[in-house]
Amino acid sequence: MDPLILGIATVNGVIMGGLYGAVAIGLSLIFGVMRVINFAHGSFLMVGMFTPYWMWALFGVNPYVSVIVTAPLLFTMGYLMQATIISPLFKRERAKVLEPLSVLMLTAGVFLIMDNAALLLFGPDYRAVKMDFSLKVLRFGLLTINYARLLAFLMSIMITVILSYFLASTDLGRSIRATALNRDAAALCGINVPRVYNVTFGIGCAVLGIIGCFMVPFYYVSPSVGVAFGIRSFIIVVLGGIGSIPGSILGGIILGVVESVGGQFVTATSAVIFSFCIFILVLFFKPTGLMGQRV
Amino acid sequence: MSNQRICVLLLVFLTLSFAFSGTVSAQAVKEVVVGFVLPLSGGSATIGQQTQTGAIVAAEQINMTGGIASQDGAKIKLVFGDSQTKPDVGSSETERLINREKVSVICGAYNSAVSFPASEVAERYKTPWVTTGSVKDEITERGFKYVFRTCNKAVYDAKEQLEAIKLFNQETGKGPRTIAHLYEGTDWGRSHAANIRKLCKDYGYELILDEAYPPGQVDFSPQLLKIRAKKPDLIIIALYTPDHIIFSKQYLESKSDFPFGVHSVGAGSEDPAFYKAVPQEAVEFMFVQDDWQVDMLEVMGWARGANKMYKERLGFDINAYGAQGYSNMWVIYDALERAGSTDKEKIREALVKTNITSGPALITGYQKISFDENGQNTFAHGVISQNIEGKKISMWPLANRPAYAKVAWPVPAWSER
């Protein structure tokens, strides 16, 4: 196998993988802090992509600029979802030590409602933003890197860095980490646990909003666009370590590279097997994921 | 309210509702329930919606002109089941339509992966199934008695593509030696791949790349890299709409040169939503195996009435999939007329004897609809069109090519465009 081709495949894989990882960050955070498996994760991404699309289609706003609207919108949606839909369930099952499994069903229900509401409102058509910028590429011989994809990758890295810093150094970030470690102890220390939960869900969804704005220039929008990403996010979260932000990006990059490089040797349908094999191996030898802490 | 009172009220209510339902049904015009199983959500939702609209327009026209004459003017009632582009859901929807909605005949399901199991369900329940849009050969090769197909089989699609290449080769003296094939990895793509593999041998081309991918691909750069490394003369692609959008965009970015062009066997490239989402340069000079005559509305004026009703609902002109929905509804109506009843056996026998040589059912551009002993309409065919300056022009068969048209063959390199 030509090393040049392998090199190019790896670069493509890293760029795509970084993007997958960024999408998975929210899921990782939400699960790490609240032990809630958010089945509606893909649906929030879909909203995070429809918002910049409609702002472009109706008002001519550049998708990158619409981050200032999309990110707060998604934050609010996530905050409200936790505050009004999920937390009553938490309060009712407070006596249980483990988080209630019924939350899983609840988020699955939200996913169904959101995807089908979008289908009802917008129809099934695939739409795309048409921008001159979307077509610009960086060219090095056989290697072509689409500028929009590269930007999305760089934004993924930036989100990772900022979020890690936020969690490590700010008071709110430390409250979030404390709640993730032990919710009752955190409450005893005077941390407002329900508020922390709300904010965490909000942050998880806001990340999706930002990434959505960066994906819209090169991808398409449709009510079911979140499904493929949602499924990959679950694999990445477990692979990279639950609750670990850098772990998400790492897991995403591994997945992206395996798909891209594996696809050079076998067909893409078979390359998926490699991804799952690595997933199983990691679970076997390090069940908490590559960068996960002991739960 | 005491329990006794509730019981009495319930009893009165039930009696009344029985009485009224009796009178209402005696006065209502009879209805014939026709079921459609289509992807109304999921990856093929746009195409499902187009087929659905075609069927609705046809049913409206039939009902407006007096319904089914041989059944006392009974009206057509359409019931739709959403397959969600999933085989298991399509199969359970088929069962629901047969058992709960009591349909007399079913039409479905566009995706080969759905039609294959769902038609087997229909066969088990002895309900006639008219296939729309699914080309997997095996659908009409199982010796089933209740399954019919008006459209192309996969082997027809593949043959048309290669015949067109042969024709262009003969006309210009230049042709490809090596072919690459990229296809979606479910029933439809694999069906096409099996046929391409066989026909390439027959026609004397070398198939240097045979590449499947799982549908819902987010990034085609690994595949494009692989293809470009092999340097084929010509590439054949079988992609559904979302994948086709991403592929065409990335193909444009990569500015890959294939001397004898990109040949798409339909699905995504027959969906108007695809052309809206992709810049014109990405599809320039692309060949498409269209399941119907693309210039139909210019050639057949009578289709304009149906097109107007269709356009009012969806906002764009009727396409291959709208035409299939429309045509199949008329085929079913024709069978219902000759059957004279909603008995499934009579409908099946009427379908077997179908022989349509004129009328709205031929909106798809065929000259005839008649099923062979396997239920396949052997008179189905498509056209191969080329996209020149934003307009799809039929280039094959020669009989369908407009006088002014000239094939761009070999296809100009990116540097010359």
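As a convention, each chain's residues are numbered from 1 in the sequence order in which they are written. Labels are handed out in written order, letters beginning with A for the chains and numbers beginning with 1 for the ligands. Under the rules for a predicted model, residues below a pLDDT of 70 receive no local features and side-chain atom pairs below 80 are neither given nor counted, while totals for whole chains, interfaces and linings still include all residues.

Colleague: Just to check I follow, could you spell out the overall build of chain A for this structure?
Modeller: Numbering of helices and strands starts at the N terminus; helices are DSSP runs of H or I of at least 4 residues and strands are runs of E of at least 2. Assigned secondary structure in chain A consists of 11 helices and two strands. Starting at the N terminus and walking to the C terminus, you meet the elements of chain A as α-α-α-α-β-β-α-α-α-α-α-α-α. With respect to the principal axes defined by its C-alpha atoms, chain A has extents near 60 × 50 × 35 Å. Sorting the 295 residues of chain A into buried and exposed places 53% on the buried side. Exposure classes come from backbone-placed C-beta atoms, where a residue is buried if 20 or more other C-beta atoms lie within 10 Å of its own, exposed if 12 or fewer do, and partly exposed in between.

Colleague: So what exactly am I meant to see when it comes to the domain arrangement of chain B here?
Modeller: How large an interface is tends to be reported as the accessible area lost when its parts come together. Residues and elements named next belong to chain B. Where a domain begins and ends is set by an automatic assignment or by a domain database. As assigned here, chain B comprises domain 1 (31-152 + 300-364) and domain 2 (155-290 + 382-416). Computed from C-alpha atoms alone, the centre-to-centre distance between domain 1 and domain 2 is 29 Å. Here, residue contact means that the backbone-derived C-beta atoms of the two residues sit within 7 Å. Between domain 1 and domain 2, the contact holds 16 residues from the first and 18 residues from the second. Elements with a contribution of two residues or more to the side of domain 1 that touches domain 2: α2 (45-64), α4 (112-124) and α13 (320-339). In terms of residues, the side of domain 1 that touches domain 2 owes the most to one element, α4, which gives three residues. Across the side of domain 1 that touches domain 2, the residue classes break down as seven nonpolar, seven polar and two charged. Residues are grouped as follows: Ala, Val, Leu, Ile, Met, Phe, Trp, Tyr, Cys and Pro are nonpolar; Asp, Glu, Lys and Arg are charged; all remaining types, including Gly, are polar.

Colleague: What is the right way to look at the sheet that holds strand β10 (residues 287-290) of chain B in this model?
Modeller: Sheets are built from strands that pair by backbone hydrogen bonding, the pairs being arranged parallel or antiparallel. Residue and element names in this part refer to chain B. Across the sheet, seven strands lie side by side as β7-β6-β8-β9-β10-β11-β12; this open sheet has mixed pairing. Both edges of this open sheet fall to β7 (206-213) and β12 (391-396), since each of them pairs with a single strand only. The sheet shows a mean angle of 25° between the axes of neighbouring strands, direction not considered. When DSSP finds two or more bridges between a pair of strands, those strands are recorded as paired. Taken together, the three bridges between strand β8 (residues 234-238) and strand β9 (residues 262-264) define a ladder with parallel strand orientation. When the sheet's bridge partners are listed, I236 is paired in β9 with H263. Fitting a line to C-alpha atoms yields each axis, with helices limited to the stretch in contact; the angle taken between N-to-C directions then spans 0 to 180 degrees. Its contacts with the sheet put helix α6 (residues 187-203) on β6 (178-184), β7 and β8, and the angle it makes with β6 is roughly 165°.

Colleague: Please clarify how the interface of chain B and chain A should be interpreted in this entry.
Modeller: Listed per partner, the contact involves 31 residues of chain B and 29 residues of chain A. Among the elements of the structure, α2, β7, α7 (221-230), α8 (241-254) and α9 (272-277) of chain B are those that each provide at least two residues to the side of chain B that touches chain A. Grouping the amino acids of the side of chain B that touches chain A by side-chain chemistry returns 14 nonpolar, 12 polar and five charged.

Colleague: What is the right way to look at unusual backbone geometry in this model?
Modeller: Most peptide bonds take the trans form, and the phi angle of most residues other than glycine is negative. Residue and element names in this part refer to chain B. The omega torsion of the bond from G108 to A109 falls at -15°, within 30 degrees of zero and hence cis. Of note, A109 is situated in strand β3 (residues 105-109). Omega for the bond connecting W396 with P397 falls within 30 degrees of zero, at 0°, which places this linkage in the cis form. Its location among the elements puts P397 in the segment after β12. Not every positive phi belongs to a glycine, and D72 is a case in point at roughly 60°.

Colleague: Hey, could you run me through the nonpolar core in this one?
Modeller: Here, a nonpolar core denotes buried Ala, Val, Leu, Ile, Met, Phe, Trp, Tyr and Cys residues that are linked to one another through C-beta atoms within 7 Å. One finds I210 of chain A together with I332 of chain B to be the most contacted residues of the largest nonpolar core, which totals 215 residues. Considering each element in turn, this core owes the most residues, 16 residues, to helix α1 (residues 3-34) of chain A. A domain-level breakdown of this core finds at least three residues from each of domain 1 (31-152 + 300-364) and domain 2 (155-290 + 382-416) of chain B.

Colleague: Explain the sheet that holds β3 of chain B to me, please; I cannot follow it from the model alone.
Modeller: Residue and element names in this part refer to chain B. The strand order β2-β1-β3-β4-β5 describes an open sheet built from five strands, whose pairing is parallel. Because the sheet does not close on itself, it has two edges, and the strands there are β2 (75-82) and β5 (147-149). Within this sheet the neighbouring strands show an average axis-to-axis angle of 25°, counted without direction. Relative to β2, strand β1 (residues 31-38) runs parallel, the two being bridged by eight bridges. Bridge pairing in β2 links V32 to I76.

Colleague: Sorry if this is basic, but what is going on with the confidence of the model for chain B here?
Modeller: Should the pLDDT be low somewhere, the predicted coordinates at that spot are not to be read in detail. For chain B, per-residue confidence averages 89 on the pLDDT scale, and 95% of positions sit at 70 or higher. Confidence drops under a pLDDT of 50 for residues 21-27 of chain B, and excluding neighbours within four residues, the segment shows zero contacts in the predicted structure. Looking at any residue, its pLDDT shows the predictor's confidence there, from 0 to 100.

Colleague: Is there a simple way to think about the environment of L106 of chain A in this case?
Modeller: All names here are of chain A. Tracing the chain through its elements places L106 in helix α4 (residues 102-122). Looking at L106, the number of C-beta atoms within 10 Å reads 20, which means it is buried. C-alpha of L106 to C-alpha of I37: the two residues are 69 residues apart in sequence and 9.9 Å apart in space. With sequence-adjacent residues up to four places away left out, L106 is seen in contact with I85, I86 and L89.

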